[in-house]
Amino acid sequence: MAMMEEGARSCLLQSRSSLEQDIRASYLMDHMISDGVLTGDEEDRIRSKPTRREQAAALLELLLRKDNQAYISFYNALVRESYGDLASLLHNSLPLVSPEAEKSFSDGGTRYVQAVLSEGGVPQRPVVFVSRPALMNRVREKLYRLQKEPGWVTVFGMAGSGKSVLAAEAVRDHALITECFPGGVHWLSIGQLDRSDLLVRIQSLCFRLEQQSQEKDPSSSLHRPPGSLEEAKERLRFLMLRRYPRSLLILDDIWDSSVLKAFDIQCRVLLTTRDRSLAECVSGPKSEVAVESGLEEGQALEILALYVNRKPQRLPEQARSIVRECKGSPLVVSLIGALLREFPDRWAYYLHTLQQKKFKRIRKSSSYDYDALDQAMAASIQVLSKEHRELYIDLTVLEKDVKVPAKVLSVLWDLEPEEVEDVLQDFVNKSLLFRDCHHRPYLYYLHDLQLDFLAEMNRSGLESLHTKVVRQYQQRYSQGPPTSGDEECLYWFRFLTYHMAKANLTQELYSLMFSLDWVRTKAQIIGPAHLINDYLEYSTILDKENSEVRGHFQEFLSLNGHQLEQRPFPDVVQLALSQPDSSEVYRQALLQAQERATRGGLYLDWVNKSSLKSLSRLVVQPHQGSIYSACFSHDGTKIASCGSSKTLRVFKSTSGEKLLEIQAHDDEVLCCAFSPDDRLLATCSSDRKVKVWNVERGTLMRVFEDEHEEQVNHCQFTNTRRRLLLATCSNDKFMNTKLWNINKPSSQNTMFGHLEPVNHCCFSPDDAYLSTSSSDGTLKLWEVSSANEWKSIDVADMFPEQREQTEVMVKCSTWSAGGRTIICAARNAVFVFDVETTAMLLEIRTSRLSTVQYCHACPSSNLVAIALSHYAVELWDIETNKKMADCSGHLSWVHGVQFSPDGSLLLSCSDDQTVRVWETNKVHTSSAVCLKRDSDVLFNNGDITVVAADNRNRLQVRNGRTGAVMFQSENQESRIRCTAICSQTSAVGLGREDGTIQVLEMPSGTSLATLQGHTRAVLHCQFTPEGHTLITSSEDTNIRVWRWRTGECVVLEGHKEQVRCFSLLTTTPSSKTHLLSWSFDGTIKVWDMSSGERLQDLVCHQGAVLACDVSPDGQLFATTSADKTAKVWSSASWECVRLLNGHQDCVRSCRFSWDGRRLATGDDNGEIRLWNVKDGTLLKICSRDNKDAMDSLHGGWVTDLHFSPDNTVLLSTGGYIKWWNVEKGEALQTFYPTGANLKRIHVSPDFSTFVTIDNIGILYILKKVE
C-alpha cells in the first residue's frame, strides 16, 4: 500500500496533541468508512477504547500508517463535523492525489473538482450512493441561474429525505464549477444553533477562507477572529465579495430565519432546510427545489444491496417490505443498510422494528445529526409554536396514504377554513406536511414515518384524539351527514367509522352502521364496496352487539351492490323490501316505506319471498359492457376483470372495492391473468397486443405487439414461480400459440400444429405441459420445455352426427388438480380425458339449447364449473357424473368461471356486466321448483290464485297470498306452453306443445276434458267470462273456439302465420262479442265466434303484429308492430284513425288508459311513449336518464303495460317492473327481480297487487305498502 506523503505525515504528528484533545473519533469515522479508507474492524477496535481521548489517539495512530487518501478523508471529516480550526492545521499539507489514486476515490468528478470540493469542505459521496439524476439536474439548473448574479437556491424536504447528499452531489460537476463558481465552493454545516455557536461557525469559515487566500496571495494577512456576529457578517461579506467573488456558499441544514439572515451578504448561496419559507427573510433572487420524501423502490433496493454487497435481485423478500414500510425514505434505508452491514442476518428484526414503530432502535450508524430516527422527527416538531404543536398532534388520527382537504381539519379544530389553511401552510413550509397541488381545493397528507412517529409519541392519547374527531363531526353535522360529494364529504363517509372504532365509541358505531339511512347515503356517495368493507373490517366490534344484524346488512349490500352502482341511484328502501322478513334491513325499510306511503310514496312488498335463498355471496358491476374474463389472484384476496369496455379492473374479492382501474387496450380486452406471485397481470386483446402490468402501481411493464397478427384470445402465466413464462393464443392461421419470457422482447417459442384459431391455452399444474383448444376441433398437449406437440385429441369425433354439417369448435380446457385428467368444452358438452392414454373417461351433455362457454376444474375437489350461454353456471362432480349445483342469477351469457385457489369460492362473469362470487359449499342443485313465465292469475275477493307450468312440466296452482302449492299435476307428456283459469268454475286449462288442450278440475286434478284438434303448439288459451267457452290459438295458424264440456269446436282459419294472442271485442250497439286476433303475418282479423265467420281482415303493418289492445268502451283498438309503428283503429269503420311514429325499435306492447284518452306503447329498446288518443300527439316519453346494464332503457323489451283505475299511474314490465307518473312521465318506483325478461304482469282490479314470473322461474307477488 502507498505511504502517506512525508509533509502530511509530519503535519499530523505536529498537530497530534491538539487533535487528541478535541476530536470525537466516532463522528469522524462514519465519513472515513464512507470514503472507504477505514474498515468496520478498524472502527470496532477504536470504539473499544474506554475514553473519548483514547479513541482519538487510536484513530491518529492508525491514520499515520495509511496513505494520502486517508489524510484527505480525515481532513474532510473535520470540516464536515465543524472542526474548522483543527482542519486549518492540516490544510497546508494536503497532498495532491495521483490520477491512479483519484480513480479509486469513491467520488465522481475530475481531479480539479476533487481539489475544489476538498478545499471547501464539501463532504465526499457516501460509500453507498444511488444517483437521483432528475432531482440533481433540477438543482444544477437552479445553480446555473447564479452564474450572472448572486441569489439563493433552497433545497427543502422532510427529515432524512437526502437533501445534504443531493446538495453535495449537485456541485460535483466540472462545468458547473468552472463556469459558475470559479471562486470555489464552501460548505458550512449549521443545524440548530444559538448565536454563540453561529459565531463560532462563521469564525471558522472566515479563518478557512483567509488561510486559503493567503496561500494564493502571501501579501494578504490573517485577521484576528471577529468578535461579534455583526463583525463576522461583515468579514464574511468582504471575503466573499473581494476575495471569492464568484464562489458558492452551501449552508447545510438551516432551521432558523435569524441564522440565515447572518448570511444575507449579496453572495451565491445554496441552502438545505426542512422549512421551505426560510428564504423569504433574505434579499435577492430565489428559487427552490423540493426533494421527494422517498426513493423509487429500485433505487432504495440498490442502496440496501450496496450496503450488504449483494445484487438487488438477490435480496430477501423483507427488503421490499422495509422499503415499503418507510416509503423509500433515504435516511431510513441508509440507517438500516448500515446496520445490516454489521448484522447481515437481521432483515426480519429491522423490518419488525420499523413495523412496531421502535424508532429508537434504528440508531445512528452514519454522520447524521441525531442519534436515532425518533430524535430527527422530534426536532422538526419542536420548532413549532405551542399552539401549532397541539394542532399538529391532532393529525395523529389520519390514516396512512390518505389525503385530507382543509375543510375536514376545519371541523376537527373548529376554525375557519382560511385560518386552517394558514396553519397548514406553516406545516408544509417546515416539511412537516405535504400538499397535493393537483387537486383544487388542495389536499394534505403526512409521510408514513411522520404518522408512525406521531402515533408512537401519542400512543396513550390516541383514543381521546379519535373521540375528539367524532365529537367535532357530530357537533358540525348534527342535522345529518354532508351530501355535497366534495372531498370533505367523501372523507367523512370513508373514515367516520374508522374514527369511531379507534375511539372505542361502540354504541355510536352500532347505531350508524345498523342504520339503513347511513347505508343509503354512503352507497349513493361512494358506492357499496366501501360499506361492505366496513362490515368486514369492524365485524368483531359489531358482532358483540348483534352478529345477525351485521350479517343482514352485509348480505343486503353484497347481493345488491351492482344495483347500488346504477345511475340514477335506485330507491334503497324498495331494494331492502326484498330482504327476508326476519332481516333488520327489511324491518327498517318497511317502517320507512309505511311512513312514506302516508305522504304519497309508492312501495311494493314482496309477500311470498320467504321460500327463496340467494346463492351468490357477492355481485359486482366493475365495467360498463360485457365482461369476457375474470380471475382470482393466487392469494384469493383480489379479482381482476376485463371486457368490452377496454379496461382492466382489480377489486377486493370480499367487497368488490376497486383497487386498480387501467385503460388497458385500444379494443376489447379478452383475457386477464395473474402471475404466480400476484405482482403482475397479463392482458390480451382484439387489438392484437399482449401487455404485462405491475399490479401494485398499475404501470405498464411490457408490450408484445409485433408477433400476433390477429386478435389474441387468451393468456396465462405458469402456475409456479420456478420459471415464469406467459402463454398466449390467437386467431392467427399458423403462428397462433406462443410462449414468452417477459424479460425478453420477443417470444421464446411458437407451437406449430393448429391451422385454425386457438381459443384457449392452459398450463398443467406442474407447468410441464400446455394444452391448447382450437376451432379446428382438436385439443393438443405440448411439452413446454421443447415446444413439441406431445398429444392430440380429436374432440370433433365426439359429435359424429354434426361433424359434416358444421365445424366443432373446442372452447377451452382445464386440468384436474393432480394433472392426470384434462377436461375440455365443445358445443353443449364437456369431456374428461385421461392425459396418458387420451381415452375419454366421461361426457357431460348440457341442455341442447345452450353452448358451454367455459369450464374450470376445482383445485381442491372433483368439481368442475361450467359457464353456459343460457345464463347459467353449473357445478358437476366428474367422479360421479352428477350435477351438484345450479347457480342462477346472471341475466345474460356467462363467459367465464374460475374457482379460487383453495376451491372455497367460485366466480362467474357475464354479458350482463356483473361478476358474481359464489360459495362452493353453499350452492346446491336448485330443489326449489321454478315456474315458467306463461301464467294466469285470478283475483277474487282478496284471494289470489296463480296457475303456471313448472320446470318439470307439471301444472301448478298456487295460493297467491302465501305462494303455497294448492295443486300440482302429473308430468305432462308434452311441454306445457300456456295456461288459463276459469273465473266461474274451479277449472284450469293448459295448452301443450303437441297441440293438445286439457281442462282440469281444482283442487282434485280430475281431467274434465281433453281437446284434440291443433296440429302444432298451443300458444294462448283463455276462458270466456261466463266460463263455458275456451278459446285457443296455435302455431298451426288457427284459432279454435271450444264448448269445452262437450268438445264442440269452431275453427277460425285464415292467418298465414302463428297466432300468438287474441282479444275479445264487444262492439256497440249490438253488444255482441267478437274475437280479434293478430299474427306475425301483419294482419288483424275479426271473427264471429259462434259461426266462425271472418268479419274483417285488416292488413295492418308491414311487419309482424306484436300486440293489440281494445279500448275500455270497445270503440277503438290499437296495434303495434315489428315495423316500429303503432296504429289506432276504429271498430266501427275498421279504418286506421291514428298512425303513431317515433319508436326506434319494434313496438312490443300497448295499453289504453281506463278513460280511453291515452295510449301507452313500449318498444324493444326499453322506451315507453304516451299518446293522446284524440289527436295522436305524443304526450310524454317515459325512459331512464341513461341505459342500464342490459344496454336498454328498461332492462330489455317492454313486454306489458297497465294503467291504474284512476289513470294517474302506468305500470310497465321489461327486465324489471316500473311504475310511472302519467302526468309527468317520471318513474315513481322500480322493482328489480332476481332474474329478468318478464313476459307479462297480472294486476288486481284495485291496482294494489301485482303478480309476475321472471326468466329463472321465480314467482313475485307484490303488494303495495299501505
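A brief structural summary. What you see is a predicted model; the values in this text were computed from it and never measured.

**Side note on the overall build of the protein**
Along its length, the protein carries 33 helices and 68 strands. Dimensions of the protein, computed from C-alpha atoms along their principal axes, come out at roughly 140 × 75 × 55 Å. Put simply, the protein has 1266 residues, and 59% of those count as buried. At a minimum sequence separation of 6, the contacts of the protein that also span at least 24 residues come to 54%. For the protein, the accessible surface area stands at approximately 51,800 Å², while carbon and sulfur atoms represent 46% of it. Averaged over its 142 positive side-chain charges, the protein has a centre that lies 2 Å from the centre of its 161 negative ones.

**With respect to the pairing of strand 55 (residues 1116–1121)**
Among the six residues in strand 55, six count as buried, and that is most of the element. Every second residue of strand 55 is oriented toward a common face, with L1116, A1118 and T1120 on one face and F1117, T1119 and S1121 on the other, all of them buried. Looking at chain direction, strand 54 (residues 1105–1110) and strand 55 are connected through five bridges and run antiparallel. Looking at the pairing, A1107 lines up with T1120 of strand 55. Taking the residues that link successive antiparallel strands as the turn, the strand 54-strand 55 hairpin has five residues, and the phi of G1114 there is positive, at about 75°.

**Focus: the sheet that holds strand 22 (residues 749–751)**
Across the sheet, four strands lie side by side as 19-20-21-22; this open sheet has antiparallel pairing. Only two strands of the sheet have a single partner each, and these edge strands are strand 19 (712–717) and strand 22. Neighbour-to-neighbour, the strand axes of the sheet open up by a mean angle of 20°, direction not taken into account. For strand 21 (residues 737–740) and strand 22, the ladder comprises three bridges, and the chain directions are antiparallel. Looking at strand 22, one finds that T737 is bridged to M751.

**Some details on the pattern of salt bridges**
The full count for this structure, using the stated rule, is 62 salt bridges. Here R138 makes a salt bridge to E292, at a shortest N to O gap of 3.6 Å. Of this pair, R138 sits in helix 10 (residues 133–144) while E292 is found in the loop between strand 5 (286–290) and helix 16 (297–308), placing the two residues 154 residues apart along the sequence. Residue classification places R138 among the partly exposed positions, given a relative accessible area of 34%. Owing to a relative accessible area of 42%, E292 belongs among the partly exposed residues under this scheme. When the shortest N-O distance is used, the salt bridge between K883 and E874 registers 3.4 Å. Among the residues examined, K883 registers a relative accessible area of 31% and is labelled partly exposed.

**So, the environment of K522**
Here K522 is to be found in helix 28 (residues 516–526). Spatially, the C-alpha atom of K522 lies 9.0 Å from that of T483, the residues being 39 residues apart in sequence. If sequence neighbours within four positions are ignored, K522 has contacts with F493, R494, G527, H530, L531 and D534. Within the structure, the side chain of K522 is placed 2.7 Å from the backbone oxygen of F493, a separation counted as a polar contact.

**Overview of helix 5 (residues 52–63)**
Spanning twelve residues, helix 5 covers 17 Å between terminal C-alpha atoms, matching the ideal 16 Å at 1.5 Å per step. Restricting attention to buried positions, one finds in helix 5 the residues Q55, A56, A58, L59, L60, L62 and L63.

**As for the sheet that holds strand 47 (residues 1029–1034)**
Strand order in this open sheet of four strands is 46-47-48-49, and the pairing throughout is antiparallel. Single-partner strands in this sheet number two, and they are strand 46 (1018–1023) and strand 49 (1048–1052). Taking the axes of each pair of neighbouring strands and ignoring which way they run, one obtains an average angle of 20° across the sheet. Across five bridges, the pairing between strand 46 and strand 47 is antiparallel. Counterpart to V1018 in the pairing with strand 47 is S1034.

Rules and cut-offs
- Residues numbered from 1 in each chain as written.
- Predicted model: local features only at pLDDT ≥ 70, side-chain atom pairs only at ≥ 80, totals over all residues.
- Heavy atoms only, no water.
- Helix = DSSP H or I, 4+ residues; strand = E, 2+ residues; numbered from the N terminus.
- Buried < 20%, exposed > 50% of the residue type's maximum accessible area, 1.4 Å probe, protein only.
- Contact = heavy atoms within 4.5 Å.
- Areas by Shrake-Rupley, 256 points an atom, 1.4 Å probe, with all protein chains shown as cover.
- Lys, Arg positive; Asp, Glu negative; His and termini not counted.
- Charge placed at Lys NZ, Arg CZ, Asp CG, Glu CD.
- Pairing = 2+ DSSP bridges.
- Axes fitted to C-alpha atoms, helices over the stretch in contact; angles between N-to-C directions.
- Salt bridge = Lys/Arg side-chain N within 4 Å of Asp/Glu carboxyl O.
- Polar contact = N/O pair within 3.5 Å; in protein donor to acceptor, adjacent residues only side chain to side chain.
- Expected span 1.5 Å × (residues − 1).

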